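# Observations on the three-dimensional arrangement
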Amino acid sequence: MDDRRRYDHATAELEPPFAILDLAAMRANAADLVRRAAGKPIRVASKSIRSRTVLERVLAMDGFRGVMAFTLPEALWLAGHGFTDILVAYPTADRHALAALAADAEAARRITVTVDSVAHLDFIEHAVQGPKAELRLCLDVDAGYVALGGRFRAGALRSPIRQPEDAADLAAEIAKRPGLRLVGLLAYEAQIAGVGDAPRGQAAYARAIRLMQARSARELIVRRGRVVNAVRQFAELEFVNGGGTGSVELTVREKAITEVGAGSGLFHPRLFDFYRRFTGRPAALFALPVVRRPRPDVVTVLGGGYPASGSAGPSRLPQPYLPAGLRYAPDEGAGEVQTPLLGQAAQDLRTGDRVWFRHAKAGELCERFDALHLVEGDKVVETVPTYRGEGRTFL
Ligand SMILES: Cc1ncc(COP(=O)(O)O)c(C=O)c1O
């Protein structure tokens, strides 16, 4: 049975819009991530999953260890539900959550928060106010690529800490402060992990990306190692995290790296189709119902306007996936309440038929749906809540 018939069959009793997760596809994607990680553990990026039950399933698989959370309230909530090793990989300025963390010895053992400046250390100490549970800290280091004397930069604008000396200074500052303990280091190379090196139909751009990524990887292997050595003079690091879905096999080559962070590869959303190093199986999909036919060659589905975050453009729109051969009307795109779809395949669709879409990114899909229907073969075997389905909208 082809995937479209299988998904239609499995969900015949459901009324779209709804979202599914194909468990066999996710397992295959997980196995490939683990193979690429070559023995180093993968810390699962919760932003790319956004379902507690699915996170538990991922952590039950060999090769995955720990959660990379995106907010401290999320981490506290996960810790309260039994998750143990949680790194909040983005700085928090949530005073209430910091105070709650320091007031809860068990949560403080399970959660590590990320810092990148003395001002942030001051902020944390002020929020915590007085001696409480010791807080575990992770130092975030800029892993971006800089060339031409600083005139060219690729990678996410994250930490101001870039050189070994800067990292050592901040580590020394943390060591002086009772109540704070540096336990980890994080350096995420977004320009490799999150940028496909095989963009379709753009040969010159692809060559430029590959050159930049090769140079960046060479630069990182040296600098990340030096940063780690410098920081180790002031702290016993339990982990050094780097990478993401797009870079796993490159990141783990570095001796200094003890683990990789990755999540998107499990769902394999549209933006991850454009890499030479790996392929994946689309695992998370959503179905929208055909509700009308404005013209013989056009059908309209309900909803669909779920663009992904990032620099806006067509690549951030969901991909009409099954049946193959549907495309957006150029002047409408994916609509707020309805989305016209053009193409040969539209002619065979009837009112009530489903069109299956992939999101451009992974976890953001779960902000649109209460639940994920877990598909095994041609059956829904379980329906589990997303974060949103549990009333949790952390971002
Ligand atoms: C710190 C960090 N590590 C890793 C990742 C990779 O996550 P994913 O594999 O879902 O792309 C990200 C994504 O933005 C990130 O911010």
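If you're wondering where the values come from, they're calculated on a predicted model, not measured in any experiment. (Residues numbered from 1 in each chain as written. Predicted model: local features only at pLDDT ≥ 70, side-chain atom pairs only at ≥ 80, totals over all residues. Heavy atoms only, no water.)

### Some points on the overall build of the protein
Put simply, the test is: The secondary structure listing takes helices from DSSP runs of H or I that are at least 4 residues long and strands from runs of E that are at least 2 residues long, numbered from the N terminus. Using C-alpha atoms as the atom set, the radius of gyration is obtained and then compared with a globule rule of 2.2 Å times the number of residues to the power 0.38. The classification of residues rests on relative accessible area computed with a 1.4 Å probe and restricted to protein chains. Under 20% of the type maximum is buried, over 50% is exposed, and intermediate values are partly exposed. For the accessible areas, the method is Shrake-Rupley and the probe is 1.4 Å, while residue cover comes only from the protein chains on display. We count Lys and Arg on the positive side and Asp and Glu on the negative side, and we leave His and both chain ends out. The atoms used to mark charge sites are NZ of Lys, CZ of Arg, CG of Asp and CD of Glu.
When helices and strands are counted, the protein shows 12 helices and 19 strands. Taken over the C-alpha trace, the protein has a radius of gyration of 22 Å; the compact-globule value for 395 residues is 21 Å, and the two agree within 12%. If one aligns the C-alpha atoms of the protein with their principal axes, the spans along those axes are about 70 × 50 × 35 Å. Per-residue burial for the protein yields a buried fraction of 56% across its 395 residues. As presented, the protein carries roughly 17,200 Å² of accessible surface, and 52% of it is formed by carbon and sulfur atoms. Mean positive and mean negative side-chain charge positions of the protein (53 and 46 charges, respectively) differ by 5 Å.

### Here's the deal with the pairing of strand β9 (residues 180-187)
So the rule is basically this: Strands are treated as partners if at least two bridges between them are detected by DSSP.
Judged by how many residues are buried, β9 sits mostly within the fold: 7 of 8 residues are covered. Pairing geometry for strand β6 (residues 135-140) and β9, over 6 bridges, is parallel. Counted as the bridge partner of L139 is L185 from β9. As paired strands, β9 and strand β10 (residues 239-242) are joined by 4 bridges and run parallel to one another. Across the sheet, L185 pairs through a bridge with V240, a residue of β10.

### Description of the site of the ligand
To keep things clear, this is the line we draw: Note on definitions. A residue lies near a molecule or strand when any single heavy atom of the residue is within 4 Å of it. Under the rule applied, a polar contact is a pair of N or O atoms within 3.5 Å (in protein, one hydrogen donor and one hydrogen acceptor; residues adjacent in sequence only if both atoms are side-chain atoms). In this count, Pro and Cys sit with the nonpolar residues alongside Ala, Val, Leu, Ile, Met, Phe, Trp and Tyr, while Asp, Glu, Lys and Arg are called charged and the others, Gly among them, polar.
In the region of the ligand, 15 residues are neighbours, and S48, Y90, T245, G263 and S264 sit closest. Here an oxygen atom of the ligand sits 2.6 Å away from a polar atom, N or O, in the side chain of Y90. In the model, an oxygen atom of the ligand is placed 2.9 Å from a nitrogen or oxygen of the G263 main chain. In the complex, the protein chains occlude 92% of the 390 Å² of accessible area that the ligand would expose alone. Its residues placed into classes, the shell around the ligand shows 6 nonpolar, 7 polar and 2 charged.

### Here's the deal with the side chain of T386
For the record, the criterion: For this analysis, residues touch if any pair of their heavy atoms sits within 4.5 Å.
The topology assignment puts T386 in the segment after β19 (379-385). A polar atom in the side chain of T386 sits 3.5 Å from the backbone oxygen of C366. Beyond its immediate sequence surroundings of up to four residues, T386 is in contact with R50, S51, C366, F369, D370, A371 and L372.

### Remarks on empty space enclosed by the protein
Here the idea is plain: a probe the size of a water molecule rolls over the atoms and shows the empty space left. The line we're drawing: Detection works on a 1 Å grid of protein atoms alone, calling trapped sets that fit a 1.4 Å probe cavities and calling open sets with protein on both sides within 12 Å along at least five of seven lines pockets, with lining residues defined by an atom within 4 Å of a point. Grid points are joined across faces, edges and corners, and a volume is the space filled by probe spheres set on the points.
Applying the stated criterion across every chain yields a total of 3 cavities of 30 Å³ or more. The computed volume of the largest cavity comes to approximately 60 Å³. Forming the boundary of the largest cavity are E189, I192, A217, L220, I221, R224, S247, L250, T251, R253 and E254. Every element with two or more residues in the lining of the largest cavity is listed here: α10 (203-232) and α11 (248-251).

### Examining the pattern of salt bridges
Using the following cut-off: The term salt bridge refers to a side-chain nitrogen of Lys or Arg lying within 4 Å of a carboxyl oxygen of Asp or Glu.
Scanning all chains against the criterion turns up 34 salt bridges. Across the salt bridge formed by R158 and D140, the nearest N and O atoms sit 3.2 Å from each other. Of the two residues, R158 is situated in the loop between β8 (152-154) and α8 (164-176) and D140 in strand β6; the sequence distance between them amounts to 18 residues. Taking relative accessible area as the criterion, D140 reaches 2% and is therefore assigned buried. Notably, a salt bridge pairs D370 with R388, separated by 3.7 Å at the nearest N-O pair. In this pair, D370 is assigned in the loop between β17 (354-358) and β18 (371-376) and R388 in the segment after β19, connecting sequence segments 18 residues apart. Among the residues examined, R388 registers a relative accessible area of 37% and is labelled partly exposed. Put simply, R36, D197, E249, R276 and R277 are held in one network by salt bridges that share partners.

### Quick look at the environment of C366
Tracing the backbone shows C366 in the loop between β17 and β18. Taking relative accessible area as the criterion, C366 reaches 2% and is therefore assigned buried. For the pair C366 and G389, spaced 23 residues apart in sequence, the C-alpha to C-alpha distance is 8.6 Å. Once you skip the residues sitting within four places of it in the chain, C366 turns out to touch I49, R50, F267, L372, T386 and R388.

### Considerations on a nonpolar patch on the surface
Going by this rule: Only residues whose relative accessible area exceeds 30% and that form no salt bridge enter a patch; like-charged residues are grouped when within 9 Å of one another, and nonpolar side chains (Val, Leu, Ile, Met, Phe, Trp, Tyr) when within 5 Å.
Together, V291, L302 and V337 make up a nonpolar patch on the protein surface, roughly 220 Å² of accessible area in all. Note that V291 resides in strand β12 (residues 284-295). In this structure V291 comes out as partly exposed when scored by relative accessible area, which is 37%.

### A word on the packing of helix α5 (residues 95-102) against helix α7 (residues 118-128)
Axis angle and axis distance: for two packed helices, these are the angle between their axes and the distance between the axes, and together they describe the pair. Basically, it comes down to this: Simply put, an axis is a line fit to the C-alpha atoms, just over the touching stretch for a helix, and the angle between two N-to-C directions goes from 0 to 180 degrees. Angles are sorted into four bins: roughly parallel if under 35 degrees, roughly antiparallel if over 145, roughly perpendicular if 65 to 115, and oblique for all others. Helix crossings are classified by the rotation of the near helix relative to the far one: an anticlockwise turn of less than a right angle makes the crossing left-handed, while a clockwise turn makes it right-handed.
Put simply, α5 and α7 touch, their axes get as near as 8 Å, and they point 70 degrees apart. In terms of axis orientation, α5 runs roughly perpendicular to α7. In the packing of α5 onto α7, the handedness of the crossing is right-handed. Note on element contacts: α7 touches α5 through F123, I124, A127 and V128, opposite R95, L98, A99 and A102.

### So, the packing of aromatic side chains
Basically, it comes down to this: Whether two aromatic rings pair depends on their centres lying within 6.5 Å, for rings of Phe, Tyr and Trp, where Trp uses its six-membered ring; planes under 30 degrees apart make the pair stacked, over 60 edge-to-face, and the rest tilted.
Going through the model one piece at a time under the given rule, you end up with 14 aromatic pairs. Summarising the aromatic geometry, the rings of F70 and F394 are spaced 6.5 Å apart at their centres and angled 85 degrees between planes, so their arrangement reads as edge-to-face. Of this pair, F70 sits in the loop between β3 (64-69) and α4 (72-80) while F394 sits in the segment after β19, placing them 324 residues apart in sequence. F394 shares its class with F70; the two are buried. Arranged with centres 5.2 Å apart and planes meeting at 5 degrees, the rings of F286 and F357 form a pair that is stacked. Of this pair, F286 sits in strand β12 while F357 sits in strand β17, and the two are 71 residues apart along the sequence.

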